[in-house]
Amino acid sequence: MSANGSGIGASVKRKEDTRFLTGRGRYTDDINLPGQLYGYILRSPVAHANIGGIDTSAAAAAPGVHAIFTGSDMEGVGGIPTGWLIHSKDGEPMVEPGHPALALGKVRYVGDCVAIVVAETSEQAKSAANLIEVDYQELPAVASIEAAEADGAAQVFDEAPGNVCYDWEVGDRAATDAAFEEATHVVSIDVVNNRLIPNAIEPRAAIANYDPATGDYTLYTTSQNPHLIRLLLGAFVLGLPEHKLRIVAPDVGGGFGSKIPHYAEEAILTWTAGQLGRPVKWTCERIDAFKSDTHGRDHISTARLALDADGKFLGLHVSTKANLGAYLSTFATCVPTYLYGILFAGPYTTPAVYCEVKSFFTNTVPVDALRGAGRPEATYLLERLVEKAAVELGMDRVEIRRKNFIREFPYQTPVALQYDQGDYDATLDLALKASDWAGFEARRAESAARGKCRGIGISTFIEACGIAPSAVVGSLGARAGLYESGSVRVHPTGSVSVFTGTHSHGQGHETTFAQIVSDMLGVDFEAVDVVHGDSAKIPFGMGTYGSRSLAVGGTAIYLAVEKVIEKGKKIAAHLLEASAEDIEFENGSFTVAGTDRSKSLGEVALTAYVPHNYPAGLEPGLEETAFYDPLNFTFPAGTHVAEVEVDPETGEVEVVAVTGADDVGRIINPMIVDGQLHGGLAHGIGQALLEECLYQDDGQLQTGSYLDYTMPRAADLPSFNINHNTTLCTHNPLGVKGVGEVGSIGVPPAVINAVIDALRPLGVNDMAMPATSQRVWQAIQQAQG
Amino acid sequence: MPTVTMTVNGMERSGNVEGRTLLVEFLREHLGLTGTHVGCDTSQCGACVVHVNGTSVKSCTCLAAQADGAEVTTIEGLANGSDLHPMQEAFREHHGLQCGFCTPGMVMSAVDLANQNSDPSEHEVREWLEGNLCRCTGYHNIVKAVQAGAKAMGGGS
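Everything quoted here is computed from the prediction, not taken from an experiment.

A. Just the nonpolar core, in detail. By size, the foremost hydrophobic cluster in this structure holds 296 residues, and its most contacted members are Val117, Val517, Val751 and Val755 of chain A. Not counting residues up to four positions away in its chain, the partners in contact with Val751 of chain A are Gly457, Ala642, Val644, Val655, Ile685, Ala688 and Leu689 of chain A.

B. Inspection of unusual backbone geometry at higher detail. Here the amide bond leading from Phe409 of chain A into Pro410 of chain A is cis, since omega sits at -5°, within 30 degrees of zero. As for its placement among the helices and strands, Pro410 of chain A is situated in the loop between α10 (397-404) and β16 (411-412). At Asn9 of chain B, a residue that is not glycine, the phi angle is positive and equals roughly 50°. Inspection of the secondary structure puts Asn9 of chain B in the loop between β1 (3-8) and β2 (11-16). Assessed through the 19 C-beta atoms surrounding it within 10 Å, Asn9 of chain B is described here as partly exposed. For Ser43 of chain B, which is not glycine, the phi torsion reads 60° and is therefore positive. Following the sequence through the fold, Ser43 of chain B ends up in the loop between α1 (23-30) and β3 (49-52).

C. Representation of the sheet that holds strand β5 (residues 71-73) of chain B within the structure. Residues and elements named next belong to chain B. Reading across from one edge, β2-β1-β5-β3-β4 is the order of the five strands in this open sheet, with mixed pairing throughout. Both outer strands of the open sheet, β2 and β4 (55-58), are each paired with one neighbouring strand and no more. Across the sheet, the mean angle separating the axes of adjacent strands is 40° when strand polarity is ignored. Direction of pairing for β3 relative to β4: antiparallel, over a ladder of four bridges. Each residue of the ladder has a partner; that of Val52, found in β4, is Thr55. Sheet strands in contact with helix α3 (residues 103-116) are β3 and β4, and its direction is about 40° off that of β3.

D. A look at α3 of chain B. Between its terminal C-alpha atoms α3 of chain B stretches 20 Å, which fits the 20 Å expected from 14 residues at 1.5 Å a residue. Burial analysis of α3 of chain B places 11 of its 14 residues in the buried class, the great majority of the element. All of the buried residues along α3 of chain B are Thr103, Pro104, Gly105, Met106, Val107, Met108, Ser109, Ala110, Val111, Leu113 and Ala114 of chain B. Looking at the buried residues of α3 of chain B, the elements they touch are α1 (17-21) of chain A together with β3, β4, α2 (86-93), α4 (122-128) and α5 (140-153) of chain B.

E. A look at the domain arrangement of chain A. Residue and element names in this part refer to chain A. Under the domain assignment used here, chain A contains domain 1 (17-24 + 483-628), domain 2 (32-139 + 204-251 + 264-283) and domain 3 (299-468 + 632-784). Between the C-alpha centres of domain 2 and domain 3 the distance comes to 37 Å. Contacts between domain 2 and domain 3 engage 15 residues on the former and 18 residues on the latter. Broken down by class, the residue content of the side of domain 2 that touches domain 3 amounts to seven nonpolar, five polar and three charged.

F. Structural detail: the environment of Asp596 of chain A. Among the structural elements, Asp596 of chain A can be located in the loop between β23 (589-592) and β24 (598-600). Separated by 136 residues in sequence, Asp596 of chain A and Thr460 of chain A have C-alpha atoms that sit 52 Å apart.

G. Highlighting the sheet that holds strand β1 (residues 37-43) of chain A. Residues and elements named next belong to chain A. Reading across the sheet, the seven strands line up as β3-β5-β1-β12-β9-β10-β11 and stay open at both edges, with mixed pairing between neighbours. The open sheet terminates on both sides in strands that have one partner only, identified here as β3 (65-70) and β11 (245-248). Mean inter-strand twist for the sheet, computed between neighbouring axes without regard to direction, equals 20°. Relative to strand β5 (residues 113-119), β3 runs antiparallel, the two sharing five bridges. Paired with Ile68 across the two strands is Val117, which belongs to β5. In the packing of helix α6 (residues 226-238) onto the sheet, the strands contacted are β10 (216-221) and β11, and the crossing angle to β11 comes to about 145°. The strands touched by helix α7 (residues 264-276) within the sheet are β1, β3, β5, β9 (205-211), β10 and β12 (280-283), with β9 carrying the most contacts at an inclination of about 30°.

H. Region of interest: the packing of helix α14 (residues 509-521) of chain A against helix α15 (residues 549-576) of chain A. Residues and elements named next belong to chain A. Close contact between α14 and α15 brings their axes to 10 Å; oriented N to C, the two are set at 30°. The two elements α14 and α15 meet at a crossing, and its hand is right-handed. Residues His509, Thr512, Phe513, Ile516, Val517, Met520 and Leu521 of α14 touch α15, and the partners they reach there are Ser549, Leu550, Gly554, Ile557, Tyr558 and Val561. Taken together, the residues that form the contact of α14 with α15 break down as nine nonpolar, four polar and no charged.

I. Broad picture of the interface of chain B and chain A. Listed as interface residues are 44 residues of chain B and, on the opposing side, 43 residues of chain A. In terms of residue count, α2 of chain B provides more of the side of chain B that touches chain A than any other element does, four residues in total.

J. Seen up close, the pairing of strand β27 (residues 653-663) of chain A. All names here are of chain A. Counting buried residues along β27, nine of its 11 residues qualify, which places the element largely inside the surrounding structure. Relative to β27, strand β26 (residues 637-646) is paired through 10 bridges, and the arrangement is antiparallel. Looking across to β27, one finds that Ala642 is bridged to Val658. Linking two consecutive strands that pair antiparallel, namely β26 and β27, is a turn of six residues; a positive phi of about 80° is found at Gly651 within it. Once you follow β27 into helix α17 (residues 670-690) and on to strand β28 (residues 720-724), the crossover reads as right-handed.

K. The arrangement of the environment of Ile571 of chain A in detail. All names here are of chain A. If you trace the backbone, Ile571 turns up in helix α15. Distance in space between the C-alpha atoms of Ile571 and Val604 is 6.4 Å, their sequence separation being 33 residues. Apart from the residues lying within four places of it in its own chain, the contact partners of Ile571 are Val604, Thr607, Ala608 and Pro615.

L. Geometry of the domain arrangement of chain B. All names here are of chain B. Each assigned domain of chain B is listed here: domain 1 (3-76) and domain 2 (86-153). Computed from C-alpha coordinates alone, the two centres of domain 1 and domain 2 are separated by 21 Å. Contacts between domain 1 and domain 2 engage 15 residues on the former and 11 residues on the latter. Taken together, the elements giving at least two residues each to the side of domain 1 that touches domain 2 come down to β3 and β4. For the side of domain 1 that touches domain 2, the element with the highest residue contribution is β3, accounting for three residues. When the residues that make up the side of domain 1 that touches domain 2 are grouped by side-chain class, the tally is six nonpolar, nine polar and no charged.

Rules used in this analysis
Residues numbered from 1 in each chain as written. Chains lettered and ligands numbered in written order. Predicted model: local features only at pLDDT ≥ 70, side-chain atom pairs only at ≥ 80, totals over all residues. Core = buried A, V, L, I, M, F, W, Y, C linked by C-beta atoms within 7 Å. Buried ≥ 20, exposed ≤ 12 C-beta atoms within 10 Å, placed from the backbone. Contact = placed C-beta atoms within 7 Å. Helix = DSSP H or I, 4+ residues; strand = E, 2+ residues; numbered from the N terminus. Pairing = 2+ DSSP bridges. Axes fitted to C-alpha atoms, helices over the stretch in contact; angles between N-to-C directions. Expected span 1.5 Å × (residues − 1). Domains from an automatic or database assignment. Nonpolar A, V, L, I, M, F, W, Y, C, P; charged D, E, K, R; others polar. Left-handed = near helix turned anticlockwise from the far one by under 90°. Right-handed = clockwise from strand over helix to strand, strands pointing away.

What follows is the structure in structure tokens.
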């Protein structure tokens, strides 16, 4: 493989772009089916209440209304399942309460689905929903971890005493305790990882259809993983076999984790379409998206780091409390455990690590994966703590990191993972140089001359991506495998269709995967199309999340191409009257080794479909499918440096520079990779400085619109300085690692470390996320007394 | 229901709408022009930006009746046949889009800026895009695309 004009390593312009740029994308809300009705979901306005009764009579008589269904109508239909069983320290399985798609007897968060109204128009459905009388008998609510664990707290579920879902641990507690006994220094930190709302710009939407003639159901939905929705909706909720349920996730306008879960609305819509025998369409309004799309993060943690006299890390002890919200969403339970606790070695040789996580039910929106999912939370804690250790020990904050770097691979961490490859010094050196770390004090002085406080912060991190080896995750409680499928169909005249079980909602798979196939088969990039997002077209799939699409899905495609080439060699050998072992394939030609006798891929493909002169016993056709189950996670790593300038008069923080030095494995399309980094960095800076989901004590969502929840805007961000140092993943053939989540994992601690660095001369030694101007100003005032 | 008539992408289009019908609803649901998107309900995200009489407007905040008699351009009306508009081409060239959902509004907003300023600075672009949210790109490449597109337009669309 080599970098040609459109092959691996080239910044090919994206195949997707023309349709998006000309308004011809086809998102779920752009789809209309003949005879469709419109559904409106009535949601609970209160956080916790018994439902005394629901009177739908006035609504049912409203103009255009076809049907109204409530929880009692769907009683007997399966509840919304969760995908990962966690066991507590004592070996007991987590508490796993039911999650009825439409609330049954009780509502548990503001936004809980109470009824669906189906009418001729969306306006009629919404207007009629306002006529439904629900007798909410309000109960005390718990809207935070602190409230959930308080003595006498209201119970979200009777079967979960103390609102605890599980109390989990990873690592060797005794060894970690012993490390602290040997320690010269112990550094402690308390951190909160602020709750975030994902806010993909496309709101969720769905259209369900039932065909009475065939008994087939079709659901168009805004999903990152259509086959996973088919599995959960079909097998667990509605009891439909796979061949009777088609899930289509067409163009999807961003996901960031919030479009992984199987949502109640998908079940309600599909079931309703079956009841009515007509298509039913639902489009979430943004105001409802805030209170029904899964939220992210929301941890409270305390941690201690044990060090020897030289600053070598001896042990790390982490205690975290996590908020799961009112129901267990699809990946909710694994995010604060197996995507979090196992990250605490970071890039460091800390020999003893222990992490315990207690997760709570609260009367808030269910919490699930959000860009990074567990790994940003771990990285933030670790990099804040390492920074604090450097300050307290009087060490250089770069040198304390360098002193503890892992340099020998493979490296078995004390928290389950085995890193296959990396070069943490290289990305650190690159970041220091690219950020002009050495020249910072001059810039600090220049800012000071203007009355500004300048600070610089660093974070060195690893992630675990390429989710995931099925046997490993199965042993840890996953209820599905996490392999991926890829199919490659070479058509009779040599063009190629590629089918992937991953889903592209901004990542550019249609381009990147076409580059791989084009490069491997030696066919024109334009002659390769990538098909995704339709369970009727793709053999199978687990979808896109955890930076897995290229490492797992791309590898499946790679293996399918290899199978195509192997079959092609047999056909070419027959045509060339040679042995298949003597055939070499390069640049689209099958050649008899050491000769100039060759057949093009096109000739071989045509022969495969017009097999008049064909090897005996070989099946016609040239199409292959591969399933790839990864051998290990992949471990992208890097260093992020943030530089901020704080106005001490107002507390306003300006991010003046962000430098990334990342090792994401082999890069297929540098333009797309850098774009993924940019987006992740913006998300991470948003968490560090702007974004925070707030609930009132009674469970009312305070930040329920774009007017109240601060999204990063163009003027809030700088341009980014992106750099790469590549080591190849050792266990997949492309050597790729993943890039989608890097920015949101690495940069938040760098930003907060920079803010604290800026304010330390003013006596400020701690800062919570988001470092809003109000919070920064208050910290300065307090420090100044 | 009142009838509205407007010129949309160069063609005269009419429809019967309710008084409360928004311009974006008229475009998407009556005319089938689904390139204009709805991302929020508080006029914050800018996915719905179109041009009304040559100026960028959030079509979720404008009644269809208000556009009666107006010249409306949507993202579908920007390219010249199969030739992309210079701003569309700049977004493609500079990877100024990922999921594509905010893109129509971004491009329409950017064209309005470029009509007023053929060489906007990075700061001017970032300030101009105050009304357009993107969750994918971190704005880095959007800013580059808008600057390049404005130059390519040479002071006019």
